[in-house]
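# Results of the structural survey
Single-letter residue listing:
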Amino acid sequence: MVKMLAQVWALLLGIVLIMLGNGMHFTLIGLRGGIEGFSSAELAVVTSGYFMGFLSGARFTPLLIRRVGHVRVFAALGSFMSAGLISFPLLTDPWAWTLLRVLVGFCMSGIYVVAESWLNDASTNDTRGKVLSAYMIAQTLGIIGAQGLLSLGDAATSVLFIGASILVSISFAPILLSVSPVPAVNVAPPMPLKRLLAGSPLGTVGIFLLGSIYATQAGMGAVFGSQIGLTAAQIALFVAMLFAGALVLQYPIGWLSDRMDRRRLIFGASGVGTVSCVLAWLVGHDLWALMAAAFLAGGVTTPLYALFLAYTNDALSPEDMPAASGGLVFTFGLGAIIGPLVTGWAMEGYGPFAFWPVLGATFLVVTLYALYCMTQRAPASAHDPESYLGVVPTASPVAVEAAGLWAVEHAEAEHAEAAYAQQAGSDDIKP
């Protein structure tokens, strides 16, 4: 493990710094938007703009890499992102913010594609699972840590936006100074939605709905906190709890995932999300009850993403996994664009606490659809499911594809070991 980290520490450090800056900017949008008097609907459009850019970046960055190479693309996207972050306090208009968010989302997605291709190239079949896990943990820790940095300045000024821009700018130093260019990343074209839906209805529908849930939590959580009168520190803690829950619950849910019917686990995890949202809506302004609800609702969201990926991989052949990875990322992105818009409209019409019923209703649809799917197909046998790997929703198709291939290789190795052990046992009992 130490040897593996020694090879990729610079990449991981750069990712942590990027996530510190990006995580700050996500919460700052809600804080500063409230100060500027933006409505819930306007901030919902701003939030969706990020995911529109993110989806576009995942699609077009590989084309840019083939044309000019990793280093140039990485440096260019970093420069544009840093400039975009520092421009928010200068252009305090919802439509200007939406355009800036599209830019930042595009750059962030492209940065993920480049960084993950380097990370994938630096790992072997034996270390890929550990490298990807370390990468996902680094992302989550960066987002959580970003919330603590918000106490260092006032959202009404430019200080925190400048700080986020500085973090993103310096994050490229350890990465660019420690890696060498690799061959242009080859991302398979996304699988058509119709074919993906036919192969794994629950995985496709579930990941679309989860995109709505994740984007609402990450983008509208700070807006909700601002509109119910939480302080900046309380809002930062609320957002941190959404991601801290994911960090804590990822392992136990992943452990269960390889030991039971994944559909039952999807049903249970989404049920927990539903109940937590209902309780948050009922308790109203009770601060610590809201924090507990955020911990549980956010805690099941990221593991559900990895569950849907693993469940879809179970239903497909290894040859289809690269195209399916791109299709699932695209489907998730569509949900992420729509979710904040629906939530913003509901909060505009029914008040900020509509945040919870919208989230809860979406979790409930996932729960009921998982239950329905359990009645339509037989469960996979105990030996069929591929291994689970905790991929986070912010990963690009590069990491999602690498995780799927790792799962296949890992499962095949386990099956080979089991077959060898069974054969050895048979030889031992022969006279």
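This next bit is on the overall build of the protein chain. In terms of regular secondary structure, the protein chain is built from 14 helices and zero strands. N-terminal to C-terminal, the α/β element order of the protein chain is α-α-α-α-α-α-α-α-α-α-α-α-α-α. Split into buried and exposed, the 431 residues of the protein chain put 56% on the buried side. Expressed as a percentage of contacts within the protein chain between residues at least 6 apart in sequence, the contacts between residues at least 24 apart total 88%. As displayed, the protein chain has an accessible area near 17400 Å², and 68% of this comes from carbon and sulfur atoms.

Relative to the helices and strands, Glu36 resides in the loop between helix 1 (2–35) and helix 2 (40–68). With relative accessibility at 31%, the residue Glu36 sits in the partly exposed group.

Now for the side chain of Thr140. Note on placement: Thr140 falls in helix 5 (residues 128–149). A polar contact is formed between the side chain of Thr140 and the backbone oxygen of Met136, at a distance of 3.1 Å. Apart from residues no more than four positions distant in its own chain, Thr140 is found in contact with Phe243, Leu247 and Val392.

Turning to the nonpolar core, a few remarks are in order. Most often, soluble globular proteins keep nonpolar side chains buried together rather than apart. Counting 126 residues, the largest nonpolar core has Phe224, Ile266, Leu304, Tyr305 and Trp356 as its most contacted members. When neighbours within four sequence positions are excluded, Leu304 is seen to be in contact with Leu210, Ile266, Ala269, Ser270 and Phe363.

Let's shift gears to the pattern of salt bridges. Inspection of every chain in the model, using the stated rule, returns two salt bridges. With a shortest N-O distance of 2.9 Å, Glu36 and Arg32 are connected by a salt bridge. Judged by its relative accessible area of 6%, Arg32 is buried.

Let us now look at the packing of aromatic side chains. The geometry of two aromatic rings is summed up by the distance between their centres and the angle between their planes. For the structure shown, the criterion picks out 20 aromatic pairs. Seen in terms of ring centroids, Phe26 and Tyr50 are 4.7 Å apart; in terms of plane orientation they differ by 75 degrees. Their pairing is edge-to-face. Here Phe26, found in helix 1, pairs with Tyr50, found in helix 2; they are 24 residues apart in sequence, far enough to count as distant. Pair check on accessibility: Phe26 and Tyr50 agree, each one buried. Ring centres of Phe38 and Trp97 lie 5.0 Å apart, and the angle between their planes is 80 degrees; on these two criteria the pair is classed as edge-to-face.

Conventions we followed
Residues numbered from 1 in each chain as written. Predicted model: local features only at pLDDT ≥ 70, side-chain atom pairs only at ≥ 80, totals over all residues. Heavy atoms only, no water. Helix = DSSP H or I, 4+ residues; strand = E, 2+ residues; numbered from the N terminus. Buried < 20%, exposed > 50% of the residue type's maximum accessible area, 1.4 Å probe, protein only. Contact = heavy atoms within 4.5 Å. Areas by Shrake-Rupley, 256 points an atom, 1.4 Å probe, with all protein chains shown as cover. Polar contact = N/O pair within 3.5 Å; in protein donor to acceptor, adjacent residues only side chain to side chain. Core = buried A, V, L, I, M, F, W, Y, C linked by side-chain atoms within 4.5 Å. Salt bridge = Lys/Arg side-chain N within 4 Å of Asp/Glu carboxyl O. Phe/Tyr/Trp six-rings, centres within 6.5 Å; stacked < 30°, edge-to-face > 60°.

Keep in mind these values describe shape, not function.
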